[in-house]
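Structure assessment
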Amino acid sequence: MQNQNGRDKNTGTSTINSTNSVDCESCGGTGYVMERMLMSTFWERYRKETGPCLYGDKDWEDFFAVPCPKCAGGLERRSSLVKKYAGIPSAFYNKRYNAFDWGTYGDNDKMADQALQAKEIIDSFIEKFEEWEKRKMGLYIWNETKGSGKTFLASCICNELISKYCIGTKFVSASDLLEISQTEYPDEREEIRRRPIKLLYSCKLLVIDDLGQKNCGQKWMEDILFKILDERINNDRVTIITSNIPMGRLPFDDRSTDRLFKMCCEVEMPQKSVRATEAYREKVELFKAVGIIKEAQDGKEDYSA
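The text that follows walks through the structure, step by step, so that each part is easy to find. This structure is a prediction, so every number in the text was calculated from the model and none was measured.

Conventions adopted
- Residues numbered from 1 in each chain as written.
- Predicted model: local features only at pLDDT ≥ 70, side-chain atom pairs only at ≥ 80, totals over all residues.
- Heavy atoms only, no water.
- Helix = DSSP H or I, 4+ residues; strand = E, 2+ residues; numbered from the N terminus.
- Buried < 20%, exposed > 50% of the residue type's maximum accessible area, 1.4 Å probe, protein only.
- Contact = heavy atoms within 4.5 Å.
- Areas by Shrake-Rupley, 256 points an atom, 1.4 Å probe, with all protein chains shown as cover.
- Polar contact = N/O pair within 3.5 Å; in protein donor to acceptor, adjacent residues only side chain to side chain.
- 1 Å grid on protein atoms, 1.4 Å probe; cavity = no way out; pocket = protein on both sides within 12 Å on 5 of 7 lines; lining within 4 Å.
- Points joined across faces, edges and corners; volume = space filled by probe spheres on them.
- Nonpolar A, V, L, I, M, F, W, Y, C, P; charged D, E, K, R; others polar.
- Core = buried A, V, L, I, M, F, W, Y, C linked by side-chain atoms within 4.5 Å.
- Pairing = 2+ DSSP bridges.
- Axes fitted to C-alpha atoms, helices over the stretch in contact; angles between N-to-C directions.

Once that is clear, we can look at the overall build of the chain. Looking only at helices and strands, the chain has 11 helices and 9 strands in total. Taking all 305 residues of the chain together, 39% fall into the buried category. Within the chain, contacts between residues at least 6 apart in sequence are counted, and of these 69% link residues at least 24 apart. Accessible area for the chain stands at about 18,200 Å²; split by element, carbon and sulfur atoms hold 48% of it.

Attention now goes to unusual backbone geometry. A positive phi angle, near 60°, is found at aspartate 210, a position not held by glycine. Mapped onto the elements of the fold, aspartate 210 is located in the loop between β5 (205-209) and α9 (219-234). The exposure class assigned to aspartate 210 is partly exposed, which follows from its relative accessible area of 29%. Even without being glycine, aspartate 236 reaches a positive phi, approximately 55°.

Below, the discussion takes up the environment of arginine 232. As for its position among the elements, arginine 232 is in helix α9. Expressed as a C-alpha distance, the spacing of arginine 232 and methionine 263, which sit 31 residues apart in the sequence, is 9.2 Å. Among all residues touching arginine 232, those that are not within four sequence positions of it are Leu200, Tyr201, Ser202, Cys203, Lys204, Leu205, Leu206, Arg237, Val238, Thr239 and Met263. Within the structure, the side chain of arginine 232 is placed 2.6 Å from the backbone oxygen of valine 238, a separation counted as a polar contact.

Secondary-structure assignment places alanine 276 in helix α11 (residues 274-289). Each C-alpha atom, one on alanine 276 and one on glycine 147, is 7.1 Å from the other, the two residues being 129 residues apart in sequence.

Estimates place the volume of the largest pocket at around 680 Å³. Surrounding the largest pocket, 28 residues form its lining, Phe92, Gly147, Gly149, Phe152 and Arg275 being those nearest its centre. The element that contributes the greatest number of residues to the lining of the largest pocket is α11, accounting for 7 residues. Tallied by class, residues from the lining of the largest pocket come to 7 nonpolar, 11 polar and 10 charged.

On to the nonpolar core. In a soluble, globular protein the nonpolar side chains are often hidden away together inside. Formed by 33 residues in total, the largest nonpolar core has its most connected members in Trp102 and Ile157. Taken together, the elements giving at least two residues each to this core come down to α3 (109-127), α4 (129-134), β3 (138-142), α5 (150-165), β5 and β6 (238-243). With 8 residues, α5 is the single largest residue contributor to this core. Dropping the residues within four chain positions of it, tryptophan 102 is found in contact with Tyr97, Ala115, Ala118, Lys119, Ile122, Leu153 and Met269. Core analysis: the second largest hydrophobic core is formed by 27 residues, Ile197, Leu200, Leu206 and Leu250 among them.

Let's shift gears to the sheet that holds strand β4 (residues 169-173). Strand pairing in a sheet takes place through backbone hydrogen bonds and is either antiparallel or parallel in direction. Spatially, 5 strands are ordered β4-β5-β6-β3-β7 in an open sheet, and the strand pairing comes out parallel. Either end of the sheet is taken by a strand with one partner, and the two such strands are β4 and β7 (264-268). Each adjacent strand pair in this sheet contributes to an overall mean axis angle of 15°, direction not counted. Note that β4 and β5 share 5 bridges and pair parallel. If you follow lysine 170 over to β5, its bridge partner there is leucine 206.

Below, the structure written as structure tokens:
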């Protein structure tokens with residue numbers, strides 16, 4: 001038997017939208033289940049009341065919607081929706097953090113040590129994101145070598161945080177900032193839809209990729225970047241920036257650089273082109289597949305067909 005709210009009076013089971021999804025057999029894809037508890041327990045659990053129960057001796061039991069423990073409140077479904085609109089580059093759309101091979105930088109001791117230091121910071125950023133967020137600190141990932149994996153790494157970080165915590169994320173290229181700032185949809189009622197630049201101010205995690213392009217020092221770039229950084233620092237938002245220029249050499253005035261130093265931890269990546277290494281590996285695999293390269297018994301490649 002159901003009441004008007006779509007809840008079974010005998011079991012307290014939610015029946016709302018239960019037939020719309022079969023993602024989770026426990027909650028029917030809604031992300032919530034009904035749990036019977038005391039009113040005082042409800043307020044305590046959700047921190048709605050820090051003192052004694054408002055109802056004193058008149059406490060009673062009732063059913064309350066709580067996040068489904070089996071699917072973590074529909075985390076997987078919600079995360080997939082967040083990622084769909086995040087703007088992560090298609091080449092890295094499904095790349096989680098474990099897909100990023102730090103061992104690629106192990107050509108020498110100096111490069112390996114530098115990679116290890118960078119990895120420790122990135123590991124901490126992902127595993128203890130709430131602490132980083134509480135301290136309003138993001139990342140400035142840079143090196144001067146093209147194809148060194150900065151965009152790949154930033155994408156992996158985004159995918160990992162979205163999957164783990166369902167963090168509202170927006171990934172944009174620095175070259176698109178001017179277009180985004182000038183775009184407006186007058187027919188939209190919500191300001192964030194009417195002016196897309198507003199989303200860059202408010203999203204929980206913003207990635208600005210490849211800030212060190214040739215247009216980096218232009219006045220329009222500086223003005224837009226300052227406005228974005230200023231809005232985000234005032235609203236305690238976390239930002240990730242990738243660049244081929246160290247933070248101290250960016251061609252911006254003190255307004256922007258001071259905010260960057262305050263809101264981003266600088267992470268220098270090893271000066272090595274991962275893209276070139278990966279391209280070489282792909283060619284080797286192709287040559288093996290078509291018989292140009294044969295594998296010798298000792299495991300070394302034999303370049304004689």
